[in-house]
Amino acid sequence: MALEIDRVTKRFGAFPAVQSVSLIVAPGEFLALLGPSGSGKTTLLRVVGGLDVPEEGQLRFDAQDMTLTPARERRVGFVFQNYALFRHMTVAQNIAFGLDVRPSSTRPPAREIKRRVQALLARMQLEDMGARYPSQLSGGQRQRVALARALAIEPRILLLDEPFGALDAKVRKGLRQWLRTLHDEMKLTTIMVTHDQEEALALADRVAIMNAGRIEQVGTARELRETPATPFVRDFLDDTPSHAQGSGI
Ligand SMILES: Nc1ncnc2c1ncn2[C@@H]1O[C@H](COP(=O)(O)OP(=O)(O)OP(=O)(O)O)[C@@H](O)[C@H]1O
Ligand SMILES: [Mg+2]
């Protein structure tokens, strides 16, 4: 699905957390959103997901205006940092949640939900863990359950806000490669917020750099490094560790 963010502004009181942001994400694209703390990354994702309504601008999914469409009608998959699974539900019940809560007119039959959950468990390499509770899983396994839960509704766009923030570097590296493969195989359109520049540059087709509520530049890792549009972009990427620059991406 193609996503168009067209001059979107979201204010909290008088404070513009997102200021006239325009961005087009192509069908099947994996876009990383980078920027300092407080620059508006989460707010922008919340606007796309329908958790916040912008004061100005328009959002389009495949050219269709979605600006005022309620979140549950957008078919957006969300995974947040430190994403809390429902502790009193099993892994399988967590994954099925987004389907189970649908009104009966749009809810798939129980056996179809079961089939989807089983397929997702297999894809997440969690086949035998459907009956476990979140407390019985490792951090990386929990993150994969959170992803499976987001994918169960067959989202048109996947929004990830620091999905691996709580994990150690090694687990993170394994999971991110796995996520990119999943994105390609399922033909998802994905926006992922990360603080980790190396992760963004290694994983995404394009990277958008945010600063003070605005997008300073969008481009491939190479474009951003070779032709930074603003001093901010140049300085921000200069801080990236040199081993990431040598990765050939
Ligand atoms: N509900 C809210 N009410 C008031 N101000 C808010 C609210 N949510 C966010 N803000 C402010 O909007 C700005 C952008 O916040 P946002 O959470 O989008 O930043 P971020 O880029 O995701 O930062 P981080 O990397 O720390 O997660 C911040 O200055 C924040 O304090
Ligand atoms: Mg945030």
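Residues numbered from 1 in each chain as written. Chains lettered and ligands numbered in written order. Predicted model: local features only at pLDDT ≥ 70, side-chain atom pairs only at ≥ 80, totals over all residues. Heavy atoms only, no water.

## Focus: the site of ligand 1
The following threshold applies: The rule for a residue being near a molecule or strand is that one of its heavy atoms must lie within 4 Å of it. Two N or O atoms count as a polar contact when they lie within 3.5 Å, although within protein this holds only if one can serve as hydrogen donor and the other as acceptor, and sequence-adjacent residues are included solely when both atoms are side-chain atoms. Counting from the N terminus, the helices are DSSP H or I runs at least four residues long and the strands are E runs at least two residues long. Residue classes follow a fixed rule: Ala, Val, Leu, Ile, Met, Phe, Trp, Tyr, Cys and Pro count as nonpolar, while Asp, Glu, Lys and Arg count as charged, and any other residue, Gly among them, counts as polar.
Within the structure, ligand 1 sits among Phe12, Phe15, Ala17, Pro36, Ser37, Gly38, Ser39, Gly40, Lys41, Thr42, Thr43 and His195. Taking threonine 43, its side chain carries an N or O atom lying 2.6 Å from an oxygen atom of ligand 1. Put simply, the parts of the chain that give the shell around ligand 1 at least two residues each are β2 (15-25) and α1 (41-49). With three residues, the top contributor of residues to the shell around ligand 1 is α1. Per-class residue counts for the shell around ligand 1 are four nonpolar, seven polar and one charged.

## Some details on the domain arrangement of the protein chain
The criterion, for reference: Domain extents, as shown, originate in an automatic or database domain assignment. Note: buried area is the sum, over both parts, of the accessible area (probe 1.4 Å) each one loses when the two are combined. Here, a salt bridge means any side-chain nitrogen of Lys or Arg that lies within 4 Å of a carboxyl oxygen of Asp or Glu.
Each assigned domain of the protein chain is listed with its residue range as follows: domain 1 (1-75 + 157-249) and domain 2 (85-154). If you average the C-alpha positions of domain 1 and of domain 2, the two centres end up 26 Å apart. Between domain 1 and domain 2, roughly 1100 Å² of surface is buried when both sides are summed, and carbon and sulfur atoms account for 72% of that area. Where domain 1 meets domain 2, there are one salt bridge.

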